[in-house]
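# Structural overview
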Amino acid sequence: MGSFSIWHWVIVLVIVMLVFGTKKLRNIGQDLGGAVKGFKDGMKESEEAKAAQAKELREPTTIDVDAKEKSHSQQ
């Protein structure tokens, strides 16, 4: 009694299609797929931003004034 056979699921699917219609179900599927794609893109952008920020922290941002002055005086 606790498990459903394939025929139970087929009947449920047919009833859902009759109630909502195939067009509405297709729209729901497209909306859900778009939401999942947007979520994945957002996660990817977040990871790229974190990587760029970590790269900036690793790179030295100070300038050696003595080296800069020596290069200008040689020219």
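Residues numbered from 1 in each chain as written. Predicted model: local features only at pLDDT ≥ 70, side-chain atom pairs only at ≥ 80, totals over all residues. Heavy atoms only, no water.

On the surface, Asp41, Glu45, Glu47 and Glu48 cluster together into a negatively charged patch. Within the secondary structure layout, glutamate 47 lies in helix H2 (residues 22-58). (Patch = residues over 30% accessible without salt bridge, like charges linked within 9 Å, V, L, I, M, F, W, Y side chains within 5 Å. Areas by Shrake-Rupley, 256 points an atom, 1.4 Å probe, with all protein chains shown as cover. Salt bridge = Lys/Arg side-chain N within 4 Å of Asp/Glu carboxyl O. Lys, Arg positive; Asp, Glu negative; His and termini not counted. Charge placed at Lys NZ, Arg CZ, Asp CG, Glu CD. Helix = DSSP H or I, 4+ residues; strand = E, 2+ residues; numbered from the N terminus.)

This part is about the packing of aromatic side chains. Here the distance between the centres and the angle between the planes together describe a pair of aromatic rings. Under the criterion given, the structure shown has one aromatic pair. Here the aromatic rings of phenylalanine 4 and tryptophan 9 are separated by 5.6 Å at their centres, their planes lie at 65 degrees, and the arrangement is edge-to-face. Here phenylalanine 4 falls in the exposed class, since its relative accessible area comes to 55%. Residue tryptophan 9 is classed as exposed on the basis of its relative accessible area, which comes to 51%. (Phe/Tyr/Trp six-rings, centres within 6.5 Å; stacked < 30°, edge-to-face > 60°. Buried < 20%, exposed > 50% of the residue type's maximum accessible area, 1.4 Å probe, protein only.)

It is worth spelling out the UniProt feature "transmembrane region" (unreviewed entry) in the protein chain at this point. UniProt feature "transmembrane region" (unreviewed entry): in the numbering of this structure it lies at residues 6-22. Helix makes up 94% of residues 6-22 and strand 0%, with an end-to-end C-alpha separation of 21 Å. (UniProt positions renumbered as here; feature names shortened; annotations may be inferred.)

Another aspect to go through is the environment of leucine 25. By the secondary structure assignment, leucine 25 is in helix H2. With residues up to four places along the chain from it excluded, the contact list for leucine 25 reads Val16, Met17 and Phe20. (Contact = heavy atoms within 4.5 Å.)

This paragraph deals with the confidence of the model for the protein chain. On average, residues of the protein chain carry a pLDDT of 81, and 75% of them reach 70 or more. Within the protein chain, the lowest mean pLDDT, 58, falls on helix H3 (residues 65-74), and the highest, 91, falls on helix H1 (residues 6-20). (pLDDT = per-residue confidence, 0-100.)

Moving on to the packing of H1 against H2. Between H1 and H2, the least distance of the axes is 6 Å, while the angle of their chain directions is 100 degrees. Classified by the angle their axes make, H1 and H2 are roughly perpendicular. Listed contacts from H2 to Val16, Met17 and Phe20 of H1 are Thr22, Lys24 and Leu25. (Axes fitted to C-alpha atoms, helices over the stretch in contact; angles between N-to-C directions. Parallel < 35°, antiparallel > 145°, perpendicular 65-115°, else oblique.)

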